[in-house]
Structure formats: structure tokens, C-alpha cells
Amino acid sequence: MLPSDLLLVYKRKGAILPRYAKPSISNDEAANFLITAYQEHIGEKKKALKALVAELEDKGYEYRFVRALSLLLDRKSTFVCHSRADPIDLRRKIFQVTERFGVPTTSEKRQKIIESVASKMSLSIEDVEAYFYSDLDSELVLEKFSAPLASELLGEYNLSLTQTMLFDATELNFTTSGNWQNIFHAIKKFGLIYEVYKDNGLWVKIDGPASLFKLTRRYGVGIAKLLPVIVANSEWIVKAKVLWRFTNEICDFKIESQKHSTLLKKPCLTTITYDSSIEESFACQFQALTSGWLLKREPEPVSAGKQVIIPDFSLEKAGIKIYLEIVGFWTEEYLLRKIEKIKQVDVKLLLLVNEVLACEKLSALERRPQLDLIYYHDKIPFAPILRYLETEFEQVKSKEVQILRGLPIKFTEPVVAFNEFAARIGVSEEAARNFLTANIPSDYIVLADVLVSTEKLMQIGRRIKEAIDAAGKLLLKEAARIIEEEGVEDSANILAKLGYKIKWRGINSEQAEISRAV
Amino acid sequence: MLRLWFDKGTLLLRGQVGTPYGKWDPRVGCYRIKAYHYRDVLEYLAESKLQVEDDVPDLSPLEQLRSNVALRDYQIEALNNWCRSRSRGVLVLPTAAGKTFIALKAIQQLKVQTLIVVPTLDLIDQWRKRIKDCLNLETGAVGGGESTLRMVTVTTYDSAFIHAEQLGNRFMLLVFDEVHHLASPGYMQIAEMYIAPYRMGLTATYERADQRHTLLSQLVGDPVYSVGVEELAGEHLAPYTYEKISVRLTPQEQQIYESQMGIFRSFLQQRRISLRNPADFQKFIMTTGRDPKAREALLARNKAVKVAVNSEAKLTALAEQLEIYRKEKILIFTLHNDLVYRISLRFLVPAITYQTSREERREILANFGNGKYPVVVTSQVLDEGVDVPDASVGLILGGTGSNREYVQRLGRLLRKKEDKLARLIEIISKETMEVSTSRRRHQKIGDAS
């Protein structure tokens, strides 16, 4: 992050974008000039270095760009005070002598004071003059410098520039491909408030408590700090409202990984502490069980109203999904709140609770059988987990069957896709498929993933026959187009049902024809 | 029952009751209310005969205090006015008129958890010492690496702002020293995010050039008492004199000055820009961000100013003044840090700038206070607040045109002590823009309070 007076942006028609330093000959040149300057000034004073930096400004480079790069390089440098005497102590001694002799208003009197201090501290007169203010920032000496590549420096600059602009953000919206635990952990840490919504994927809107009253920059710093955690992912879109300080107008900001990820430095994230090895080992051991359940770490968050639950794992089998979370330190209140939150959503979440990490005695909780909790001591017990999963699985399945049985299944549409039907009545696709193949409604036939009405099938048959009759033959791709026009994707199965077979001519499917099976 | 609690600088109210102060927050399913409406909400609910479980305040224990504060008549009047306006409002008194004592008396009378907000770390030390001496009370402090909460706690504007989410519900009285700072866009959130129903603002310079001081009525309260330097000089404040010494730039300096100012002026002429007031100048500064020519002109002007303000001739004049007042305690003020260090090196006197570490600063101020160091040179960092009772001579070698700065620098010298006569002496460069800058800062000295 940079001081705001070094911020450079483009602003046009209500849109704002940092003036990113794209990889170019002149930008690389500036970066390399500075990196070399720092390398060559090891052992020199900071003011000599900064004079060289100022030279670059005079060469026609934007001064804010140059100063920002220099500032980023300062942060990779160690400056130290080179002095054989502690400057504060030296000054104290000089001022004490001044106190005795009176403030020197002539150079002779001044010389006398310096001499007296020099002899007292066994330093030369030159030393005393040189060390007097050797601890001032501009007098410090560059001791160590770890040089980045020019491209790294520019990437870091671009990320810092974006963060600096976000100081003035009133809200941020983003969607991204993972890293959710880190992100929500950071949101909480920076005192921000989030809301989630669906808009072609899961989006998160960020602002803060007082944003309710008026647009405020107060949470800009928190928002800026959040940015690296988001752009550390491979895919993201970030939008923000920026309150431009000079005109007091709201501007729109948007960057996305497709266009901008190469410009910004990818921050390496320190893995957070609670993302612990216990989860790692659980995942390994569970996968070794070959239980038939597909385990996924850090699944996409489950939205519970405008809040989210971020479970550690999802377990999936035959379209049934159960979430699982390993709880670290906890209190009864914490668990109850968590359970309360889970109740708002229609998902199954199993909590694995380590009794050793309890912050208070277990009491009422233990005797509530309806809770999806498994306690353990030191090792996560797999047998009860699998028992739970199977019980849930059977329960969900039988519940689904019950739901399906209770339904008066009567379709009017000519094509019924299993997944759409399952989503509509809230059962797994597997259950819907099993049920529908076992109870095929009259006037329908079953294909791999859909039901098709016999009327529709006949309609398709009529059109294909007409086409063959007209041309004497029909290419497979023509037949497929007709079937698709009728709203069915599974052309191979339809043709088989209609009694056609495919005549291949070589390996080129363009030339394949269909003919009536004998 | 309704429940009201504190959430990160705001209040949340649970229950099916709206108030004129709250706004429904769909994100959490409660009414959210600005923290500074705390008293209003409680009063509103009480008038509506609604019971509320008030979990808002989180207060440190009250401590026993013993006061030996005796107020002067104008201080009593100021405090009475403040009490009468429901313990809210701004008191406008010149520096050295004992604003601190009025605040201490208010703490003693109200006996509530109090946060004192000050502009600098030096002022934290100064207030803590004063509270120890006058109320016999240990204080907490937030800022400068310390973080302890006590019944009376002192902090800086920066810390009060940054930690508003954590501190907002821990005090019932807020005292803002140099309250004009509070009106800035960032700091005003301090007033909004703290629940304290009682609020006192103290300043010698109420009005701000940007007119934002009008916001203070809502944040702290109206000005309830005002008295100027002239009304108190002599009886309660040290009498003072003002003198201006004009020096001529050296020929070499004069040449640089003319050529650099020439670049600046011809740019203005070419672009037909006239700079008549601070707003014009602000606009010009903004164009330098995108127009390299304008930036060149600005840099030329800055260079000219630097030459005029930091002229060698001034140092010669300074040497004479140091000789004349060698028995007095002297503060030297400059515009730029470079000059501070040049003077410090030339005359071997201690310097205080923003770069000076806190320990060294403390040591220098202590030694200046007890008379070991007769002279201290500083840029703008000591303008506000720091108390040096018997400093009697102020030498101004440069400054901005701001009247506030002038009043504040004068204030450093006005603490009354026996038959002290305070002298403010300004050394300016002839035939430069310094003449008009100097004139500008005196324009309103008549009503400078």
C-alpha cells in the first residue's frame, strides 16, 4: 500500500481504474534503473540514493510512479545509522556544553564547544560533525537490499496501487474460485460485514457496520487489505464503488482475473493456523477408506440467508451431499449458534467436536440426540462417521422415495430431464432417475437422462422419415439437427428407439448416414 | 424485551420497535443506530414507556479522586455555561488560559469514565501529569505503544479514530483538546462512533478556513463560552509585544529567487490563472497532478519560497537576537525541517521535528522546562499544545500564512508567570512574498481567539 498522494488513476465517465504499469520497455527500464541504483548504493547514504531517484523523475517519468517504486524498494532495504558514537548521546553532551558556554553566535565559539566535546569523547572534530545527526532518515546508510526482478516490482506496484485506490472504497463485490476460509476469516478480522448473493455464481458484497447510514470510506483500509486474499486465487472478478476524493463522486471499479491477473502480483498466502493438519490427515485417511463417498476440501460456501457457512468438507454419494466440519476450540454457546445457523439452511452438516478442546463443561448439549454431533478424544473415529453417513444416506433416500411416491406424477411437457425434475421437487438426481425408470409414466419412454413423450418421439420419427423420403438418404448430422430442434439432446438413443442405425463411412462423422434397421 | 447493544462503533436494537434514530439493517436483522444517538435512543424509549435491556456501556471501574483544582472566575463561568447546555459544547479560550483545569473540574463533578482526545503524543504526557497532580488519579493511555484503560484515559485523535470500534462504548464523557481537529472528515467519525452523552470541546481557534467548524455543533455541541487574548492579557495571561525584523536576501539568493518566481509568474500569465484566495491555490495544486508544466511552475515557486524562507541573512539576524535575549528562554519556529537542522547544527541547540524520537523529545522538553536548555528550535510540530511555562521569546523564521499557526505559536509564550513579558519576533525576507504571507497571518489578530 502506498501513501494516497502517489495514487495514479484513469477516470472516465464514472469509471475508475488504477494506471497500471504494464510490462513495456520504458516501465522495465525505470524499474531496472531503480533496482540497479539500490544495488549500487549499498554502503551509501539514503540521501545520495534519493537524489538519483529524483534524477529519474527529471527524465520525464511520472514522479508519483518513480516515488512509489522507490518506496517499495525501501521496504526491501535495511538502512542503518553509521556512527561510532550514539548520536543521541553525542547531542546530549554537546547541548550540555552549550548550556555552560552559552549559545555560540560566532563560529569561533562554536568551534570551541565542538573541540571540547570531541576531546571528551575521544573523537575527531570531523567525527563529531559527521555523527551529530547521523540518525536522521536522510543520513542513514543502505546496508542490505534484496533485489526483486523488474517484473516482480511492477506486479507489486500494481497490487499496491489498487489497494491504495481502495482506501477510498465504500463497498466491494467479488466472486472467486476458492480460498473461502481465508477470505471469510480476513473479512471478520478486518471488521467488515458481508452479504452473499447469487449472480452467475456466488458473489460477496463487503462493507461495514456504519455503511448503513451513509457511504463511508471508513472500511476502505479493511477492503484494501482483503484484496490480496481474493486475487491470490486463479479466478476472480472484483468490483468496487470508489468515492473519488477530489470530486466527491462515486466511481465504478472493476478488474477480473482474465484481463488483470498477470498485472498484479500474486501474493503468497500464509496458511492460517486453524487450517490445521488435523484436517489434512482426516482427508487422507478418509480417502483411503474407499467408502464410496467423494470427499472435497473447502467446498463452495453454503449460503444461509445473507450469511454463509463454510464447511471444511463436502461428502457426496449418488447425488446426496453431506457437509462436515471439524470444530477446534469451542464453547457451548458457539456450538448452539452454529447449529442455529445450520437450521436456516436445508443441508446436512456433521460437526466433529474434540472434547479435549472444550472451553467449558459439556452439559445439556450431550443429551440432545437430534444434533448432528460426534464427539471424540484424540483420534477422529471413522466408524461412527461412516455409520452416520450411511444412516443419513438411507434416510435421505427413503425420504426421497416417500416424497416421490406421494407425488401424483403426471407430466404435460414432452421432454422431462431427470436433473431438472429432481431440482424442482428437491430430491437427488439419482433418486429421481431410479424412481422414474422404475415407474415410467404411460405415454413416455426413458432415455439415459430424460423422459420423452411417445407423441414427441413419433413427431421426430415423422420428420426424419419425411427427410429421407425427400432426399433418398439422410446424414447423421442432419438427423441430429432435427432432433435437437425438437428439444432433445440425446440423438443416438432417439434414433435407436425409432429403429434407425448409423452407417459410418470411414472415421469422418460428417459423412455418416442413417438407415432403417432391418 | 428490547435489547440494545454496541456493535463495532454502532448500536443494535433488537425488537419490533423503530426509533427516529435507527435504520433497519437487513444484513443482521436488527435496527442499527449511530453510537452518538445513545442518549437520544434511551430517552426516546423511556418516553415511549418501553423497557429495554441496555447492554451498551462497558465501563472501567470508577476510582476515587481528590481534587485541588480552584477555577478563576472566567473558568467558572465557562464551566457553568457548559453544564447548563446538558454537559455538551465547545469552550473557546486562548492558549494558557487554563482550558485543562476546566475539563478536570468537569471530570471531578461528573465522576464518569472519561476519554480525553488530544492531537499529539506530547500532549498525552502533559495531560496525564496534570491529572496526576490535580486529581490524584492514575490515567490510562491509548497510543504511542501503550494501551491501558482506566476511569480517565488519554488518547490521540488517530488512536481514537482507529480504535473507535473497540473503545466506543467505554466512556461517558469525551473531552476534545484542540477540538477544531475533530471537524475533519475522518476524525468526525470519532464523535459519531462513541456513545458518550457528555462532550466537551476545547480550542483557542474555533473557526476553520474550510468552514467545517459548523459541524461541531452536532458532534460536540454549540460554542457555549468564548473569550479572547486581549480580554485576558495582563491579568490572566502574560502581556506580549510583537516585532518584525526585515532582512535582505544575499545577492545570490536574490538571483535564484527572482528567476524561480519568474518561471512561476510567467506560467500563470500564459494560462491566465489568477490566485486570489486559498481555494484558487488549491485548484492550481490539483492541476499540477496532471499537467507537467503546472508542476514545473509549482516546483519553481517552492524553490523560491525555500530560498526566501531559509535565507542565510535570517541566520545572521537570528544570531543577533540570540545574543540580545541570551538570558531568556527562547523558542525558534521555522517552516522547513532543513532549516531546523541547519540552526541546530550552527548554534548547537536541540531540535524537535516529526523525526525526533519520543524519548529524545521528552528529554529535550524536560530540559527546556527546567532551564538547562535555553533554546529549542522546531518546525511546526510544537505549534500545538506543548506547555513551556516560562518561555518568553518566540523567534519566527518562517511559517504558512495561517492565522491559526500564528495564534498557536503566540500561545506557547503566554502562560502567565510573575512579571514576564512575552516577545514574539518575526524575521522575514524583504521584497519577497514573505511580506504578504506575514501580513496575512496578522490580518485577524484582533479577533484571533
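Residues numbered from 1 in each chain as written. Chains lettered and ligands numbered in written order. Predicted model: local features only at pLDDT ≥ 70, side-chain atom pairs only at ≥ 80, totals over all residues.

(A) Molecular detail of the overall build of chain A. Across its full length, chain A carries 18 helices and 22 strands. With the C-alpha coordinates aligned to their principal axes, the bounding extent of chain A is approximately 120 × 70 × 50 Å. Within chain A, buried positions represent 28% of all 518 residues. (Helix = DSSP H or I, 4+ residues; strand = E, 2+ residues; numbered from the N terminus. Buried ≥ 20, exposed ≤ 12 C-beta atoms within 10 Å, placed from the backbone.)

(B) Fine view of the overall build of chain B. Helix and strand counts for chain B come out as 17 helices and 19 strands. Taken over C-alpha atoms, the radius of gyration comes to 25 Å for chain B, in line with the 22 Å a tight globule of 449 residues would show. For chain B, with 449 residues in total, the buried portion stands at 45%. Taking contacts inside chain B between residues at least 6 apart in sequence as the whole, the part at least 24 apart equals 75%. (Rg over C-alpha atoms; globule rule 2.2 N^0.38 Å. Contact = placed C-beta atoms within 7 Å.)

(C) View of the interface of chain A and chain B. Of the residues lining the interface, 26 residues belong to chain A; the matching set on chain B comes to 28 residues. For the side of chain A that touches chain B, the secondary-structure elements that each account for two or more residues are α4 (87–101), α5 (107–120) and β6 (193–198) of chain A. Here the element with the most residues in the side of chain A that touches chain B is α4 of chain A; it accounts for six residues. Here the residues of the side of chain A that touches chain B sort into 15 nonpolar, four polar and seven charged. (Nonpolar A, V, L, I, M, F, W, Y, C, P; charged D, E, K, R; others polar.)

(D) Region of the structure containing the confidence of the model for chain B. All names here are of chain B. When pLDDT is averaged along chain B, the result is 87, and 96% of the positions lie at 70 or above. Scored below 50 in pLDDT, residues 445–449 makes 10 contacts in the model with residues more than four places away or belonging to other chains. The complex model carries a pTM of 0.72, and its ipTM stands at 0.75. (pLDDT = per-residue confidence, 0-100.)

(E) Unusual backbone geometry, seen in detail. Residues and elements named next belong to chain B. Positive phi values are uncommon outside glycine, yet Lys-49 reaches one of about 55°. For Lys-49, a count of 6 C-beta atoms within 10 Å corresponds to the exposed category. The backbone of Lys-111 shows a phi angle near 50°, a positive value even though the residue is not glycine. With respect to the helices and strands, Lys-111 occurs in the loop between α3 (99–110) and β7 (114–118). Since 14 C-beta atoms lie within 10 Å of it, Lys-111 is described here as partly exposed.

(F) A look at the domain arrangement of chain B. Structurally, chain B comprises domain 1 (2–55), domain 2 (73–227), domain 3 (240–248 + 311–447) and domain 4 (251–309). For domain 3 of chain B versus domain 4 of chain B, the distance between C-alpha centres works out to 27 Å. (Domains from an automatic or database assignment.)

(G) Summary view of helix α2 (residues 46–58) of chain A. Residues and elements named next belong to chain A. Its 13 residues give α2 an end-to-end C-alpha distance of 19 Å, which sits within 8% of 18 Å, the value for a rise of 1.5 Å per residue. Within the sequence span of α2, burial applies to Leu-49, Val-53 and Leu-56. Summarising the axial view, the buried residues of α2 lie within an arc of 45°, below the 170-degree limit, and thus occupy one face. Residues of α2 that are exposed and point over 90 degrees away from its buried face: Lys-47, Ala-51 and Asp-58. The elements touched by buried residues of α2 are α1 (25–40), α3 (63–74) and β4 (141–145). Once α2 ends, the next one or two residues include Gly-60, with phi positive near 95°. (Expected span 1.5 Å × (residues − 1). Arc of directions from axis to C-beta.)

(H) Region of interest: the nonpolar core. By size, the foremost hydrophobic cluster in this structure holds 119 residues, and its most contacted members are Leu-11, Leu-91, Val-117 and Tyr-194 of chain B. In this view, Tyr-194 of chain B contacts Ala-35, Tyr-36, Ala-164, Gly-168, Phe-171 and Leu-174 of chain B; residues no more than four positions away in its chain are not counted. One finds Leu-142, Leu-154, Ile-183 and Ile-255 of chain A within the second-largest nonpolar core, a separate group that totals 53 residues. (Core = buried A, V, L, I, M, F, W, Y, C linked by C-beta atoms within 7 Å.)

(I) Local environment of the environment of Leu-153 of chain A. Residues and elements named next belong to chain A. As for its position among the elements, Leu-153 is in helix α7 (residues 150–166). The class for Leu-153 is buried, based on 24 C-beta atoms found within 10 Å. Sequence separation between Leu-153 and Leu-72 is 81 residues, and the spatial gap between their C-alpha atoms is 7.8 Å. Not counting chain neighbours up to four residues away, the residues in contact with Leu-153 comprise Ala-31, Ile-35, Leu-69, Leu-72 and Pro-148.

(J) Spatial organisation of the packing of α3 of chain A against α7 of chain A. Residues and elements named next belong to chain A. Where α3 meets α7, the axes come as close as 10 Å, and the angle between the chain directions of the two elements is 105°. By the angle class used here, α3 and α7 are roughly perpendicular. Judged by residue contacts, Ala-68, Leu-69 and Leu-72 of α3 engage Leu-153, Glu-156, Tyr-157 and Ser-160 from α7. Partitioned by chemical class, the residues of the contact of α3 with α7 number five nonpolar, one polar and one charged. (Axes fitted to C-alpha atoms, helices over the stretch in contact; angles between N-to-C directions. Parallel < 35°, antiparallel > 145°, perpendicular 65-115°, else oblique.)

(K) How the structure looks around the confidence of the model for chain A. Residues and elements named next belong to chain A. For chain A, per-residue confidence averages 85 on the pLDDT scale, and 93% of positions sit at 70 or higher. Mean pLDDT in chain A bottoms out at helix α12 (residues 332–343), which sits at 71, and peaks at strand β2 (residues 15–18), which reaches 96. Confidence drops under a pLDDT of 50 for residues 271–275, and excluding neighbours within four residues, the segment shows four contacts in the predicted structure.

(L) Quick look at the environment of Gly-9 of chain B. Locating Gly-9 of chain B in the fold gives a position in the loop between β1 (2–7) and β2 (10–14). Among the residues examined, Gly-9 of chain B registers 25 C-beta atoms within 10 Å and is labelled buried. Note: C-alpha distance between Gly-9 of chain B and Arg-342 of chain B (333 residues apart in sequence) is 46 Å. Beyond its immediate stretch of four places on either side in the chain, Gly-9 of chain B contacts Pro-209 and Ala-210 of chain A together with Ala-35, Ala-164, Glu-165, Gly-168 and Met-193 of chain B.

(M) Summary view of the sheet that holds strand β14 (residues 240–247) of chain B. Residues and elements named next belong to chain B. What the six strands build is an open sheet, ordered β14-β19-β18-β15-β17-β16; its pairing is parallel. The open sheet has two edge strands, β14 and β16 (351–352), and neither has a second partner. As paired elements, strand β18 (residues 393–396) and strand β19 (residues 422–429) share four bridges and run parallel to each other. Note on β19: the bridge partner recorded for Val-393 is Arg-423. On the sheet, helix α14 (residues 337–347) packs against β15 (330–333), β16 and β17 (375–378) and is oriented at approximately 155° with respect to β17. (Pairing = 2+ DSSP bridges.)

(N) Structural detail: the sheet that holds strand β9 (residues 146–148) of chain B. Residue and element names in this part refer to chain B. Here eight strands make up an open sheet; going across it, the order is β9-β8-β10-β7-β11-β12-β6-β13 and the pairing mixed. Among the strands making up the open sheet, the edge pair consists of β9 and β13 (223–226). With strand direction ignored, the average angle separating the axes of adjacent strands in the sheet is 20°. Judged from the three bridges that link them, strand β6 (residues 88–92) and β13 form a sheet pairing that is parallel.

(O) How the structure looks around the pairing of strand β14 (residues 320–327) of chain A. Residues and elements named next belong to chain A. Pairing between strand β13 (residues 313–317) and β14: five bridges, direction antiparallel. Paired with Phe-313 across the bridge in β14 is Leu-324. Where β13 hands over to β14, the hairpin turn is made up of two residues, of which Ala-318 adopts a positive phi near 50°.

(P) α5 of chain A, seen in detail. The end-to-end C-alpha distance of α5 of chain A is 20 Å, a good match for the 20 Å that 14 residues give at a rise of 1.5 Å each. Phi for Ser-122 of chain A, located one or two positions after α5 of chain A, is positive at around 45°.

(Q) Representation of the environment of Glu-55 of chain A within the structure. Inspection of the secondary structure puts Glu-55 of chain A in helix α2. Residues Glu-55 of chain A and Val-66 of chain A, spaced 11 residues apart in sequence, show a C-alpha to C-alpha distance of 9.9 Å.

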